[in-house]
Amino acid sequence: MASISSLGVGSGLDLNGLLDQLQEAEQEKLVPIQQQQVEQKTQISAYGQLQSSLSEVQSSASDLNDPELFNSVTSNVEGESAEAAATPDAPPGRYDVNVQQLATASSIATQGVDEETVLNADTEASLDVTLNDGTAQNIKVEADSTLSDVRDAINASDAGVSASVVFDGSQSRLAIASESTGAEAGIDSVAFNGLDGLALDTATEIQGQDAQLDVNGVAITSDSNQVEEAIQGTTLSLTDTGESTVTVARDDESIRGAITGFVDSYNDMKSTTADLTSFSSEDGETQAGDLLGDSTTRMAESRLRSTMTESVGEGGLQTLEDVGISMNVDGELEVDDEQLDEALSTQPGAVQTLFSGTDESAGIAGRVEEELDTMLGENGMVEGAVTGAENQMDRLEERYSSMEDSIATTVDRYRTQFQELDSMVAEMNQTSSYLTQQLSAM
């Protein structure tokens with residue numbers, strides 16, 4: 001008998017519909033695995049949030065553990081004659097700066113010529129430039145050069161001067177200026193050799209000069225308007241003549257910002273873990289956080305809280321409460337601004353020791369950073385929890401794939417059995433029809 005290509009054609013039974021129902025029933029076996037996969041993905045995502053919040057605390061602790069933070073200074077200038085940039089080496093103080101003269105470069109221009117005039121037809125030429133410090137340079141000029149070519153030759157040299165072409169309204173001039181300011185860097189002489197028509201206009205000469213100023217009455221001379229170490233650890237940028245007052249002070253605002261940033265990152269972490277481990281029941285419905293009851297989250301939070309509340313050092317400031325930082329009933333940190341400002345103002349060294357420690361022992365920020373390094377490291381408990389969740393996800397994917405293969409095999413078996421049933425019923429129907437015909441004929 002020929003095989004039946006479509007189920008139910010031979011028997012007249014709805015075998016396709018029955019096979020679909022059986023396949024749907026088999027697919028239900030995947031539902032528990034899918035639910036576990038969703039739960040596992042949610043847990044992995046939650047661990048990612050936990051890692052991120054702990055990393056923020058680690059970063060802020062690292063900033064606060066940097067001794068350079070407590071050595072930072074600011075400079076404030078009153079007046080228009082100077083600007084100031086202080087380094088950590090600058091001692092706090094107030095400095096009166098009186099600028100009598102700015103440093104300038106020297107310059108001189110040639111008499112006017114037509115810009116297109118060839119100055120050395122068919123022959124090479126040169127010019128000699130000598131600076132006040134004795135530096136001398138001979139600059140070669142190619143044959144058939146114009147004023148612009150001479151300018152380019154000067155600018156391509158290393159003579160300590162630069163050149164430009166200036167149009168005075170009727171003719172062009174070659175303007176030469178020293179590249180550096182100060183009397184020593186000034187132009188002493190310029191000699192043109194074989195450049196017909198080029199001669200200096202001495203009326204245009206400007207002599208270079210040094211800056212002259214005094215700081216708290218001490219006279220200072222500088223060949224540059226960038227004056228270093230007139231105030232220890234501070235660079236003065238002279239902008240005009242006149243008087244200014246420079247105040248160098250410890251940068252308490254940056255230190256305070258790092259401390260409050262540390263507090264904020266810890267409180268953000270607390271808020272994140274509270275959401276992840278929350279539980280509520282309203283109107284008969286319960287809502288649970290994605291890491292409710294998770295031991296890793298509880299342990300990380302407990303260890304960090306313990307590290308934050310430990311005492312450090314001996315004498316002076318030993319706990320966060322000593323600088324006005326306390327932990328409330330919800331486990332979040334609160335800052336008493338007045339107490340913190342007073343500690344920064346009256347005990348800056350003790351505040352530094354409290355947070356960044358000494359060469360012998362770590363401060364609170366250092367201990368927190370070290371604790372989080374351990375938690376978040378490759379073999380840490382948080383990374384271990386994430387790895388465990390990811391491995392479980394891999395196992396679920398393998399189970400899902402294996403179950404899909406099993407379902408496909410089962411459905412194929414059903415299909416084969418239905419095909420055999422369809423063929424058998426079709427044969428029986430044919431036999432029945434034949435017997436009926438024979439009986440009718442008798």
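Read on for an overview of the structure. (Residues numbered from 1 in each chain as written. Predicted model: local features only at pLDDT ≥ 70, side-chain atom pairs only at ≥ 80, totals over all residues. Heavy atoms only, no water.)

**Here's the deal with the overall build of the chain**
So the rule is basically this: The helix count covers DSSP runs of H or I at least four residues long, the strand count covers runs of E at least two residues long, and both are numbered beginning at the N terminus. Both definitions apply: the radius of gyration is a C-alpha atom measure, and the globule rule equals 2.2 Å times residues to the power 0.38. Any residue under 20% of the maximum accessible area for its type is buried, any over 50% is exposed, and the rest in between are partly exposed; the area is computed with a 1.4 Å probe on protein chains only. Contacts between residues were defined by any pair of non-hydrogen atoms, one from each residue, lying within 4.5 Å. Areas reported as accessible are Shrake-Rupley estimates using a 1.4 Å probe. Residue values count occlusion only from the protein chains shown.
In terms of helices and strands, the chain carries 10 helices and 19 strands. Taken over C-alpha atoms, the radius of gyration comes to 44 Å for the chain, far larger than the 22 Å a tight globule of 442 residues would show. For the chain, the spread of C-alpha atoms along the principal axes amounts to about 145 × 80 × 40 Å. Every one of the 442 residues in the chain was classed for burial, and the buried ones make up 36%. Looking at the chain alone, contacts between residues at least 24 apart form 69% of all its contacts between residues at least 6 apart. Roughly 23900 Å² of accessible area belongs to the chain as shown, and the carbon and sulfur atoms make up 43% of that amount.

**Some thoughts on the sheet that holds strand 15 (residues 242-250)**
To summarise the sheet geometry, strands pair through backbone hydrogen bonds and adopt either a parallel or an antiparallel arrangement. Basically, it comes down to this: In short, DSSP must find at least two bridges between two strands for them to pair. To get an axis, fit a line to the C-alpha atoms, keeping to the stretch in contact for a helix; angles then go from 0 to 180 degrees between the N-to-C directions.
Taken in spatial order, the five strands make up an open sheet running 1-15-3-11-12, and their pairing is antiparallel. Two strands in the sheet have a free side with no partner beyond their single neighbour: strand 1 (73-78) and strand 12 (218-222). Here the average twist between neighbouring strands, direction ignored, is 25 degrees. The pairing of strand 11 (residues 211-215) with strand 12 spans five bridges and is classified as antiparallel. In the sheet register, Val 215 faces strand 12, and the bridge partner there is Val 218.

**Re helix 7 (residues 337-346)**
Note the following rule: Working definition: the arc comes from the directions between the helix axis and the C-beta atoms, pointing outward to the latter. Under the rule applied, a polar contact is a pair of N or O atoms within 3.5 Å (in protein, one hydrogen donor and one hydrogen acceptor; residues adjacent in sequence only if both atoms are side-chain atoms).
Residues Leu 340, Ala 343 and Leu 344 constitute the buried set of helix 7. Each buried residue of helix 7 lies within a common arc of 95 degrees when the element is viewed along its axis, so the set occupies one face. When the buried face of helix 7 is taken as reference, the exposed residues oriented beyond 90 degrees from it are Glu 338, Glu 342, Ser 345 and Thr 346. Packed against the buried residues of helix 7 are strand 15, helix 5 (252-276), strand 19 (333-335) and helix 8 (348-356). N-cap assignment for helix 7: the residue whose side-chain oxygen lies 3.2 Å from the backbone N of Glu 338 is Asp 336.

**Looking at a negative patch on the surface**
Selection rule: Two distance rules govern patches: like charges are joined within 9 Å, and nonpolar side chains (Val, Leu, Ile, Met, Phe, Trp, Tyr) within 5 Å, applied only to residues with over 30% relative accessible area and no salt bridge. Each salt bridge in this description consists of a side-chain nitrogen of Lys or Arg and a carboxyl oxygen of Asp or Glu lying within 4 Å of one another. By the counting scheme adopted, Arg and Lys are positive, Glu and Asp are negative, and His together with the chain ends is not counted. Here the site of a charge means atom NZ of a Lys, CZ of an Arg, CG of an Asp or CD of a Glu.
Residues Asp 63, Asp 66, Glu 68, Asp 89, Glu 228 and Glu 229 make up a contiguous surface patch of negative charge. For Glu 228, the location among the structural elements is in strand 13 (residues 226-231). Here Glu 228 falls in the exposed class, since its relative accessible area comes to 59%.

**A look at helix 9 (residues 364-376)**
Put simply, the rule is: Every helix has an expected span of 1.5 Å times one less than the residues it contains.
Given a rise of 1.5 Å per residue, 13 residues ought to cover 18 Å, and the 18 Å separating the end C-alpha atoms of helix 9 matches this to within 8%. Along helix 9, the residues that are buried comprise Ile 364, Ala 365, Gly 366, Val 368, Glu 369, Glu 371, Leu 372, Met 375 and Leu 376.

**Focus on the pairing of strand 4 (residues 107-110)**
With three bridges connecting them, strand 4 and strand 8 (residues 172-178) associate as antiparallel partners. Residue pairing across strands places Ala 109 opposite Ala 175, the latter belonging to strand 8. Two strands pair when backbone bridges link them, and strand 4 and strand 10 (residues 200-206) are joined in this way by three bridges, in the antiparallel orientation. Looking across to strand 10, one finds that Thr 110 is bridged to Leu 200.

**A short note on the sheet that holds strand 13**
The three strands lie next to each other as 2-14-13, forming an open sheet whose pairing is antiparallel. What marks the edges here is a single partner per strand, and that holds for strand 2 (82-86) and strand 13. Averaged over neighbouring strand pairs, the angle between their axes works out to 30 degrees when direction is ignored. Where strand 2 meets strand 14 (residues 234-238), five bridges bridge the pair, whose relative direction is antiparallel.

**Looking at the side chain of Ser 356**
By the element assignment, Ser 356 lies in helix 8. Here Ser 356 falls in the buried class, since its relative accessible area comes to 9%. Setting aside residues up to four positions removed in sequence, Ser 356 forms contacts with Leu 64, Asn 65, Phe 70 and Gly 363.

**Here's the deal with the side chain of Ser 81**
Topologically, Ser 81 is positioned in the loop between strand 1 and strand 2. Exposure remark for Ser 81: the relative accessible area of 1% places this residue in the buried category. Here Ser 244 takes part through its side chain, which lies 2.6 Å from a polar atom of the side chain of Ser 81. Contact partners of Ser 81, with chain neighbours within four places excluded, come to Val 97, Val 99, Ser 237, Leu 238, Thr 239, Asp 240, Thr 241, Gly 242, Glu 243 and Ser 244.

**Here's the deal with a nonpolar patch on the surface**
On the surface, Leu 421, Met 424 and Met 428 cluster together into a nonpolar patch covering about 280 Å² of accessible area. As for its position among the elements, Met 424 is in helix 10 (residues 381-441). Classification of Met 424 as partly exposed rests on a relative accessible area of 45%.

**Focus: the pattern of salt bridges**
Following the criterion strictly, the structure yields 11 salt bridges and no others. The partner of Asp 152 in a salt bridge is Arg 151, and the shortest N-O contact between them spans 3.1 Å. The exposure class of Asp 152 is partly exposed, given its relative accessible area of 39%. The partner of Arg 173 in a salt bridge is Asp 201, with the nearest N and O atoms 3.0 Å apart. Of this pair, Arg 173 sits in strand 8 while Asp 201 sits in strand 10, and the two are 28 residues apart along the sequence.

**Topic: the environment of Gln 438**
Mapped onto the fold, Gln 438 is located in helix 10. Residue classification places Gln 438 among the partly exposed positions, given a relative accessible area of 37%. In sequence terms Gln 438 and Pro 32 are 406 residues apart; their C-alpha atoms lie 58 Å from each other.

**Overview of unusual backbone geometry**
You will see that Asn 216, though not glycine, has its phi angle at about 50 degrees, which is positive. In this fold, Asn 216 is placed in the loop between strand 11 and strand 12. One non-glycine residue, Glu 229, lies in the positive phi region at around 65 degrees. Checked against the element boundaries, Glu 229 lands in strand 13.

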